[in-house]
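As a plain string of letters, each chain reads:
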Amino acid sequence: MFNFDEASKKSKEAMDGMLKSYSEIAKGYQAIATEATDYSKKSFQDMTGFMEALASTRSVEAAFELQTKYAKSAYESFIAESTKITDMYADLAKTAYKPYEAPVAKSTAVVTANAA
C-alpha cells in the first residue's frame, strides 16, 4: 500500500537536498566570477602601468627589456590564474555531483548484483 506520509517525507528530503546543492553551486559560480573579475582588474592595471613605463623609456633597449619583463609577468600571471580557476571549476563539479553519489552507487550495486 502507498504511504503518503512516507512519500511526502522523501519528497521534502529530496527538495531540501536539491536546494542546498543549488545554493552551493551558485556560491561556486559566484566565487569564480569574482576571481575572474579581480584578475581582469589586476591585468588591466598591470597593462596600464606597463604602457606608462613604456612611454617614459628613452632607448629601444630599455623598451625591449621592459616589454620582455611585462610579457613574462603577464604569461606567468595568466597561467597561475588559469590553474586557480580550473581548480575552482573542479571543486564546483565535485560539489554538484555530491548529492548524486549515493543514489548512483546504490543503483550501480543493484545493476551489478542483477548482472551476476
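Residues numbered from 1 in each chain as written. Predicted model: local features only at pLDDT ≥ 70, side-chain atom pairs only at ≥ 80, totals over all residues. Heavy atoms only, no water.

S.K.: Teacher, can you tell me more about helix α1 (residues 4-55) here?
M.R.: With 52 residues, α1 should reach 76 Å at 1.5 Å per residue; the first-to-last C-alpha distance of 76 Å fits that figure. Within α1, the full set of buried residues consists of S21, I25, G28, I32, E35, Y39 and F50. Residues of α1 that are buried sit in contact with α2 (60-115). (Helix = DSSP H or I, 4+ residues; strand = E, 2+ residues; numbered from the N terminus. Expected span 1.5 Å × (residues − 1). Buried < 20%, exposed > 50% of the residue type's maximum accessible area, 1.4 Å probe, protein only. Contact = heavy atoms within 4.5 Å.)

S.K.: Help me understand the pattern of salt bridges in this model?
M.R.: Opposite charge on two side chains permits them to pair, given that their charged atoms come into close proximity. One pass over the full model with this rule turns up four salt bridges. Of the charged contacts in the structure, one is a salt bridge between K69 and E65, with a shortest N-O distance of 3.3 Å. Note that K69 and E65 are positioned in helix α2 at a spacing of four residues, about one turn of the helix. K69 gets classed as exposed once you look at its relative accessible area, which sits at 55%. (Salt bridge = Lys/Arg side-chain N within 4 Å of Asp/Glu carboxyl O.)

S.K.: Would you explain the packing of aromatic side chains in this entry?
M.R.: The relative placement of two aromatic rings is captured by the distance of their centres and the angle of their planes. Enumeration according to the criterion identifies one aromatic pair in this entry. On the numbers, 4.4 Å between centres and 15 degrees between planes, the contact of F50 with Y70 is stacked. On the criterion of sequence distance, the pair formed by F50 in helix α1 and Y70 in helix α2 is long-range, its members being 20 residues apart. Given the relative accessible area of 9%, F50 is considered buried. (Phe/Tyr/Trp six-rings, centres within 6.5 Å; stacked < 30°, edge-to-face > 60°.)

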